[in-house]
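# Architecture at a glance
Chain residues, written in single-letter form:
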Amino acid sequence: GRESMAELFLFFIWVNCITSSLHTSHSHHHLGEQQKKQRQERIVVVQLFSPHTQRINHLCRQREVQSDRRPAGRESMAEQDVPIIDGSYLEGGGQIVRQSLAVAAILKRNVRIEKVRAGRPNPGLQRQHLAGAKAVAELCGGRLDGAELKSTTVMLTPAVDPLPTSTSYTYEVDGAGSTMLILQAILPVLFFPSEEKGVNEVVVTLGGGTNASFAPFSDYIELLLLPLLSRLCHLHASLEVVKRGFFPRGGGEVKVSVMKADKSWSGFKLEERGEVTSITLWVAAAGAKQEEVQEMEAAALALLKRDASVRKAVTKAKIARADTRRAPSKGSALLIVAETSTGCLLAGDALSGKEKQSGKQLGEAAAKSLLAQLRHGGCVDEHMQDQLLVYGALASSPSHILTGPLTDHTRTGIAVLTQLIPSLKVEVEKKGGTTNLIKLLPHSQ
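In what follows, the accompanying structure is described.

### Some remarks on helix α7 (residues 218-233)
- Roughly 25 degrees is the biggest bend found in α7, and it falls at leucine 225, with proline proline 227 one to four residues downstream.
- Counting buried residues in α7 gives 12 out of 16 residues, a clear majority hidden from the surface.
- Among the residues of α7, those classed as buried are Ser218, Asp219, Tyr220, Ile221, Leu223, Leu224, Leu225, Leu226, Leu228, Leu229, Leu232 and Cys233.
- Backbone geometry just after α7 places histidine 234 at a positive phi near 60 degrees.

Below, the structure is given as structure tokens:
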């Protein structure tokens with residue numbers, strides 16, 4: 001009857017709107033004012049027929065889901081202004097990809113990253129970047145476009161209705177690619193409160209390199225990042241190195257157990273360094289002679305004792321040696337952790353490379369690295385600066401971090417986070433010398 005004719009008429013108008021939307025969705029950012037006005041007028045025409053609009057909306061949604069089902073779950077029909085992140089900005093490395101995808105996954109916002117690692121000798125996604133990107137996409141039930149080696153453009157479309165969360169995942173990167181860079185990308189997503197009841201703990205198994213160049217050691221994440229997140233944000237996770245993985249074969253294995261947060265975490269304050277109260281040497285040496293390991297430890301302690309600021313703590317320093325018997329490749333790594341009277345944790349490290357280094361050289365390199373981090377007076381070392389940013393940005397209240405000189409990673413992270421989270425305000429206050437106070441103000445507080 002007349003009602004059916006009205007519905008049919010409305011349906012053809014609605015299809016026209018959707019078709020027009022699809023043609024213009026990729027260039028929505030650049031639509032002229034006249035085109036926008038025309039689109040708005042078409043939508044208004046449909047809305048005028050209010051008695052039948054809800055029924056037609058439901059019909060169209062059903063048709064879209066049936067014709068465009070993806071394993072990732074149904075995506076939002078609402079058009080978004082997709083943030084475009086410049087992957088070559090400042091630091092211009094994989095950190096931009098990891099932070100961008102993690103925040104987009106948590107906020108369920110589309111994000112597009114262009115010029116990925118464009119300024120690097122090997123531009124585009126490399127194995128560890130690709131593994132991390134795919135992992136984030138799986139965790140948020142999203143679609144990842146550009147997911148291939150050497151791709152310089154990546155786009156994540158998180159699912160609005162993701163698949164049920166699993167309680168265990170496994171991610172691997174070939175060779176000695178860093179497992180910890182994969183963990184950097186997925187850890188904020190794993191911590192974020194789940195919409196599903198009963199999902200409290202998620203276990204992730206990571207395969208690849210545990211101690212890699214230009215990446216945090218697994219020991220650094222276990223002994224510094226996770227304890228800080230537990231104390232500052234009440235975010236709890238544990239990490240176990242099942243097997244060490246050094247260059248070139250990698251082959252390591254790490255198990256990470258993450259407890260989902262019950263609710264959004266609160267901000268934190270790291271504003272007072274305090275005095276160094278303890279020093280611990282964490283040694284992982286696969287295939288090294290006992291004499292070489294002892295030489296490395298002795299050289300590190302000898303150099304540290306020369307510095308008055310840590311001399312007292314060095315006299316009661318602890319040494320811990322990791323089990324490296326199952327490591328497929330030879331390699332040596334030394335992490336020196338300093339803890340202060342206010343609970344701050346800072347570290348210096350050294351890793352054997354392609355060129356042969358003596359135990360003494362590695363020990364002195366790690367000690368010099370730690371002393372450099374202690375001289376600026378900040379509460380975190382240069383590697384922790386940018387790693388804490390994302391947790392402060394996603395917190396429900398302001399966070400303050402006292403740092404040394406801002407690294408390019410930190411400056412890049414601030415730029416990326418403020419672009420992806422418009423309500424976030426970040427202030428950097430000079431505190432004298434090379435010390436800075438980073439203030440992360442969510443919701444522009």
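Moving on from the coordinates now.
### Focus: empty space enclosed by the protein
- On inspection of all chains with the given rule, the structure shows 3 cavities of 30 Å³ or more.
- One number sums up the size of the largest cavity: a volume of about 170 Å³.
- What lines the largest cavity is a set of 16 residues, among which Gln184, Ala185, Pro188, Gln387 and Val390 lie closest to the centre.
- For the lining of the largest cavity, the secondary structure elements donating two or more residues are α4 (94-107), α6 (179-191), α7 and α11 (382-393).
- Looking at which element gives the most residues to the lining of the largest cavity, the answer is α6, with 6 residues.
- Of the residues belonging to the lining of the largest cavity, the class tally is 10 nonpolar, 4 polar and 2 charged.
- By volume, the second largest cavity is sized at about 60 Å³.
- Lining the second largest cavity, in full, are Gly94, Val97, Arg98, Leu101, Gln128, His129, Gly132, Ala133, Val136, Leu181 and Ala185.
- At the level of secondary structure, the elements contributing two or more residues to the lining of the second largest cavity comprise α4, α5 (127-139) and α6.
- At 5 residues, α5 tops the list of elements feeding residues into the lining of the second largest cavity.
- In terms of residue class, the lining of the second largest cavity is made up of 6 nonpolar, 4 polar and 1 charged.

Parameters at a glance
- Every chain's residues receive numbers from 1 upward, in the order its sequence appears when written.
- For this predicted model, a pLDDT threshold of at least 70 governs which residues receive local features, and a threshold of 80 or more governs which side-chain atom pairs are given and counted, while totals over whole chains, interfaces and linings are taken from all residues.
- Computation of side-chain values covers all heavy atoms of the structure but excludes hydrogens and water.
- For a residue, the bend is simply the angle between two axes, fitted respectively to the seven-residue segment ending there and the seven-residue segment starting there.
- Strands are runs of DSSP state E lasting at least 2 residues, helices are runs of H or I lasting at least 4, and numbering of each runs from the N terminus.
- Only protein chains enter the accessibility calculation, which uses a 1.4 Å probe; a residue is then buried when its area is under 20% of its type maximum, exposed when over 50%, and partly exposed in between.
- A cavity here means a set of 1 Å grid points, computed over protein atoms only, where a 1.4 Å probe fits but cannot escape. A pocket is an open set with protein on both sides within 12 Å along at least 5 of 7 lines, and lining residues have an atom within 4 Å of a point.
- Grid points are joined across faces, edges and corners, and a volume is the space filled by probe spheres set on the points.
- Note that Gly is not counted as nonpolar here; it falls among the polar residues with everything else outside the nonpolar set of Ala, Val, Leu, Ile, Met, Phe, Trp, Tyr, Cys and Pro and the charged set of Asp, Glu, Lys and Arg.

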